[in-house]
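Overview (structure and organization)
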Amino acid sequence: RCHRCPHLPTRPYEKSEKPCMLSEYMERYPIYPNTVPRGSFKPKEEDKIMQIPMEGISTTKRDYIAHEVLPQKCKPPEKHVKRDEHMDLISTYKQDYNPYTISQVPPCLPCVMIHIPSAKMDTRSTYEDDYVLWNEPKTEAIRPNNKFCPSEEKFDHRTTVHEDYLYRGPVATRSCKPLAPVQEIKAPFKNITNYRASYVPHPLEKQYVHKNEQYKVNEVPFDALTTHQVSYKGLAGQPAKTAKPEQPKILHDLPFSSTTEFQEKYQAWPQPPIFTKKPDVYFPPLEKMDLHTTTQIHYKHPNGKPAKMCQSLAQLKKSTLPFNSSSIMKEDYKPWLCERVKPIIHAPELTFPAKPMDCLTTFQTHYVPHPLTVTKSYKPDWSGPKHHTPLDANTIYATSYTPKEIVRCLASYKDPPGYVFEGSDAEGHKFYLPASKNECLQGER
């Protein structure tokens, strides 16, 4: 990173976060301007038109002469002749693999002896023993005497709205809006407004233009050091010591106690008996309850007649002719008398062999195992133990390529030795000249 400029540009009118791409490689190998490639000396291929007219016959027309094509004769198919022999439908699987009787495999579970007690089980629960029914008479329900008898006269369903608010027809209202008289003014209309009369345009003043101050280069050289590099110099310090207290190992042969500190300190308190209040004895009231409401007392059924229906009944004409239930579907599409076709079942042609199956495959019958043949090894015999001379560790790389000292880059110095500061540009880059070259220039002056 010492060979590349790590600073951002410090121009006063250019603010960008892109780093400077100036490096040692860019200084040594600058970019040259693009040059136009030289022209080609290859002669141009011009079409040379022959003066002899071109012949319209090709090699295909000259060599391949068209012959007369005759229609292809088709061979008539042979007639199928049915044979009297029967086809043998027996396969090798049916011949070799014969079915065997399948027997059920007995279970391999051990016998478990279950002890069944002879005493009878008491099936009564604690609920049946503790909660016993009381022998008390059934309480009678307190109900009002239903002595209401509806009147036999018909009820009039007319309300106070029907009786008081009668429809009296539409009412013709009169408009009280005054008439707007039309005023005819012969004088011409003035287009002068308060804005045009009061607000007079004033001349605009010249806009103040701020002059930019010229940039002055700082004469103090840039040291390229941050507060972190100045303050934190990386001094060697001792590692931090742990503040954790040492826990000595307790070695004893006492058995582990099953009680905890919580069980010893926090013990259960004695609970007092729960206080229960006896319920008061219920005494039914001696007076009977009046179940009549204000609606039943005040709003009684008046003597009236039911409202008559004002809707006119539609008079339907009954025809004396009988109903004709026949349709075009019933006349044209009549059901056919069809019989169900029986399925065609062929007679079985397979014959099962009577011999049992031997369960041998073609691989077991033809491929018989043979004894293994031991192959002879042609590996040469061991010539004996090797010499114990040490291996020479010198290589061409170790002898030819000698280590060279690492030269520190001059860009990492604050003031590079052997160079004199000349100046800096607008981007903040410093320029140095060799000290020998600077002395020569001063001597010539």
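Nothing here was measured: the structure is a model prediction, and the numbers come from that model. (Residues numbered from 1 in each chain as written. Predicted model: local features only at pLDDT ≥ 70, side-chain atom pairs only at ≥ 80, totals over all residues. Heavy atoms only, no water.)

Remarks on the overall build of the protein chain
Regarding its fold elements, the protein chain presents 13 helices and two strands. For the protein chain, the residues scored as buried account for 2% of the 445 residues in total. Considering only contacts within the protein chain whose residues lie at least 6 apart along the sequence, 60% involve residues at least 24 apart. Summed over all atoms, the accessible surface of the protein chain reaches about 53400 Å², with 59% contributed by carbon and sulfur. (Helix = DSSP H or I, 4+ residues; strand = E, 2+ residues; numbered from the N terminus. Buried < 20%, exposed > 50% of the residue type's maximum accessible area, 1.4 Å probe, protein only. Contact = heavy atoms within 4.5 Å. Areas by Shrake-Rupley, 256 points an atom, 1.4 Å probe, with all protein chains shown as cover.)

Quick look at the pattern of salt bridges
According to the stated counting rule, one finds three salt bridges in the structure shown. Notably, a salt bridge pairs E128 with R124, separated by 3.8 Å at the nearest N-O pair. Given the relative accessible area of 45%, R124 is considered partly exposed. Counted as one network, the salt bridges with shared partners bring together R124, E128 and D129. (Salt bridge = Lys/Arg side-chain N within 4 Å of Asp/Glu carboxyl O.)

A short note on the packing of aromatic side chains
Scanning all chains against the criterion turns up five aromatic pairs. Their ring planes at 65° and their centres at 5.5 Å tell us that F421 and Y432 sit as a pair that is edge-to-face. With F421 in strand β1 (residues 419-424) and Y432 in strand β2 (residues 430-434), this pair connects stretches of sequence that are eleven residues apart. (Phe/Tyr/Trp six-rings, centres within 6.5 Å; stacked < 30°, edge-to-face > 60°.)

Some thoughts on the pairing of β1
Judged from the five bridges that link them, β1 and β2 form a sheet pairing that is antiparallel. Considered in β2, the bridge of S424 is made with K430. In textbook terms, the turn of a hairpin is the stretch between consecutive antiparallel strands, and for β1 and β2 this stretch comprises five residues, one of which, G428, has a positive phi near 95°. (Pairing = 2+ DSSP bridges.)

Topic: unusual backbone geometry
Of note in the backbone geometry, C359 takes a positive phi value of approximately 60° without being a glycine. Position of C359 among the secondary structure elements: in the loop between α10 (328-332) and α11 (362-366).

Structural notes on the confidence of the model for the protein chain
In the predicted model, the protein chain carries a mean pLDDT of 77, and 84% of its residues have values of at least 70. Confidence drops under a pLDDT of 50 for residues 440-445, and excluding neighbours within four residues, the segment shows zero contacts in the predicted structure. (pLDDT = per-residue confidence, 0-100.)

Description of a nonpolar patch on the surface
On the surface, a nonpolar cluster with roughly 520 Å² of combined accessible area is contributed by Y25, M26, Y29 and I31. Structurally, Y29 is set in the loop between α1 (24-28) and α2 (59-63). (Patch = residues over 30% accessible without salt bridge, like charges linked within 9 Å, V, L, I, M, F, W, Y side chains within 5 Å.)

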